[in-house]
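Notes for the structure review
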Amino acid sequence: MNHSHTHTHMQAPKHKTLLAAAAAALLLSACAVGPDYIRPATVAPIAFKENKDWKTATPKDQELHGKWWEIYQDPQLNALVEQVNISNQNLAQSEAQFRQAAALVQSARAAYLPTVSASVSATRSGGSRNSAGSTTGSSSSVGNSFSLGPSVSWEPDLWGRISRTVEANQASAQASAADLQVARLSAQSTLAQDYLQLRVLDLQQTLLNDTVEAYQKSLQLAQNQYAVGVAAQSDVIQAQTQLKGAQAQALDNGVLRAQLEHAIALLTGQPASTFSITPAPLIAVLPDIPVGVPSTLLERRPDVSAAERQAAAANAQIGVAKAAYFPNLTLAASGGFQSSSFANWLTVPNRIWSLGPTLAATLFDGGARRAQSDQAIAAYDANVAAYRQAVLTSFQEVEDNLAALRILEQEAAVQGETVKFAHHAAELILNQYKAGTVSYSNVVTAQATAFNADLSALNIQNRRFAASVQLIKALGGGWDQAELPNNATLNDRDASSAAKATVKQ
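Because the structure is a prediction, the values reported are computed rather than measured.

A word on the nonpolar core. Trp68, Tyr72, Leu191, Ile264, Val398 and Leu471 are the most contacted members of the largest nonpolar core, which totals 76 residues. Among the elements of the structure, helix H2 (75–87), helix H4 (161–227), helix H5 (233–267), helix H6 (297–300), helix H7 (302–323), helix H8 (368–434) and helix H9 (440–474) are those that each provide at least two residues to this core. Top contributing element to this core by residue count: H4, with 17 residues. Those residues in contact with tryptophan 68, other than ones at most four positions away along the chain, are Leu185, Gln188, Ser189, Ala192, Val469, Ile472, Gly477 and Gly478. Counting residues in hydrophobic clusters, the runner-up holds 11 residues, among them Phe98, Ala102, Ala177 and Ala306.

Right under this line is the structure:
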């Protein structure tokens, strides 16, 4: 009893010392070195320059919601884009990378808590020792050692190294989630462009087939005229040449269509060998896209958000680097039983324990910490520049496609008049040839002019669809920064559900 009483009195000062150290650590843990993050300033124009003559859509009619592709009103396009969200392998890779980033947040957060471990061992050892008065000069000693006990260690976050690491990993995970949205929007917009271009090629194929049929009639006319002696053989040859050229173009049109079909198969995660899209008329409508104001791009473009989150992560890494200048405090406690006899191993007299803090600091490192701090500051500056460049690029892309749509709309109107006049001229000249007042070369020229006018009109239509998809992509699609996972989501151990929800809306 006296021994126990004395032992208790000896522990009391140590307990008080440890409690005092823990209290001091908790007070200091609120201190995080390094700069607090402030979003880098950017210059955003008040309005888009190319938007002044833009026809703004009625928000209730056409709105860039999550499924922005539905604005084109084509059911097959809708189905294909939904397949992209499910089966595209680039998206699967980005989703896995997001889950990796979310797991790193969990790993960093674990440093806030103590580390608890336990060990058990049994050893038998022996050796020689000198014996005084012994004729042999030495004797051997063999003994057993049994030990069992837990240990606890905890490193308080005195200077914010852990909190800055968590902050950096959280921002990196949010950047990874935004990168996932970038990949998703890129795949969706690429598929939409490919599909709409494929449908324009179907229109072009119809035009080519009709042209071949018209040229066959012209050839028959030239042959009839030659047969009755009112036309030269050269008329027949010109008609045959024109017909074969149109037939070759009709065949060549299939090359690009096949390649677009294969590209769509890849985007939807299907083998190109078993995937096909039946030719059909173009039913998609060219939408009026609600553009908004430039400042909304900072919230609506996932690539801008990803760049901003990377800047936040780099800022937190400055704090991690600066925390290395300060000493680390580790609080450790261990206990258990140790004995040389297995029978008396787990008894009170064989109980052991240790308790105490450890303070460690680096006194000289040859400038390594200074270099790491400089590296972190330089990395932050690089990320700020990348963020500002992303913002400027976003403004440029919107302006580019607004200008393209505005100018192409005007060009389409003029080209429509060109098509009308070209066909009328071809019809008049063909009648004149039938009457024998003009040569067949006039017919060939007029028909070629009308055909090229039709092709130009289809090309403009394709470019307008492509520019509209690019504008939607430049505006961020239907995405908004509010969709980024917050700290609560990143704290969830099962981040895959959040990631998959991000992939498929």
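So much for the structure itself; the text now carries on.
So, about the environment of glutamine 174. By secondary structure assignment, the location of glutamine 174 is in helix H4. For glutamine 174, a relative accessible area of 12% translates into the label buried. Each C-alpha atom, one on glutamine 174 and one on alanine 102, is 8.5 Å from the other, the two residues being 72 residues apart in sequence.

This part covers empty space enclosed by the protein. Per the counting criterion, the structure on display carries 2 cavities of 30 Å³ or more. Approximately 60 Å³ is the volume found for the largest cavity. Around the largest cavity sit Glu155, Pro156, Asp157, Leu158, Trp159, Gly160, Arg161, Ala323, Pro327, Asn328 and Leu329, which together line it. Taken together, the residues of the lining of the largest cavity sort by class into 6 nonpolar, 2 polar and 3 charged. The volume enclosed by the second largest cavity comes to roughly 50 Å³. Lining the second largest cavity are 10 residues, and of these Gln181, Arg184, Gly476, Gly478 and Trp479 sit closest to its centre.

Once rolled over the atoms, a probe with the size of a water molecule shows which space is left empty. Here the largest pocket is characterised by a volume of approximately 330 Å³. Taken together, 15 residues line the largest pocket, and the ones lying closest to its centre are Asp210, Thr211, Ala214, Tyr215 and His423. Elements with a minimum of two residues in the lining of the largest pocket: H4, H8 and H9. Residue contributions to the lining of the largest pocket peak at 7 residues, all from H4. The residue makeup of the lining of the largest pocket, split by class, is 7 nonpolar, 4 polar and 4 charged.

The rules behind the values
- Residues numbered from 1 in each chain as written.
- Predicted model: local features only at pLDDT ≥ 70, side-chain atom pairs only at ≥ 80, totals over all residues.
- Heavy atoms only, no water.
- Core = buried A, V, L, I, M, F, W, Y, C linked by side-chain atoms within 4.5 Å.
- Buried < 20%, exposed > 50% of the residue type's maximum accessible area, 1.4 Å probe, protein only.
- Helix = DSSP H or I, 4+ residues; strand = E, 2+ residues; numbered from the N terminus.
- Contact = heavy atoms within 4.5 Å.
- 1 Å grid on protein atoms, 1.4 Å probe; cavity = no way out; pocket = protein on both sides within 12 Å on 5 of 7 lines; lining within 4 Å.
- Points joined across faces, edges and corners; volume = space filled by probe spheres on them.
- Nonpolar A, V, L, I, M, F, W, Y, C, P; charged D, E, K, R; others polar.

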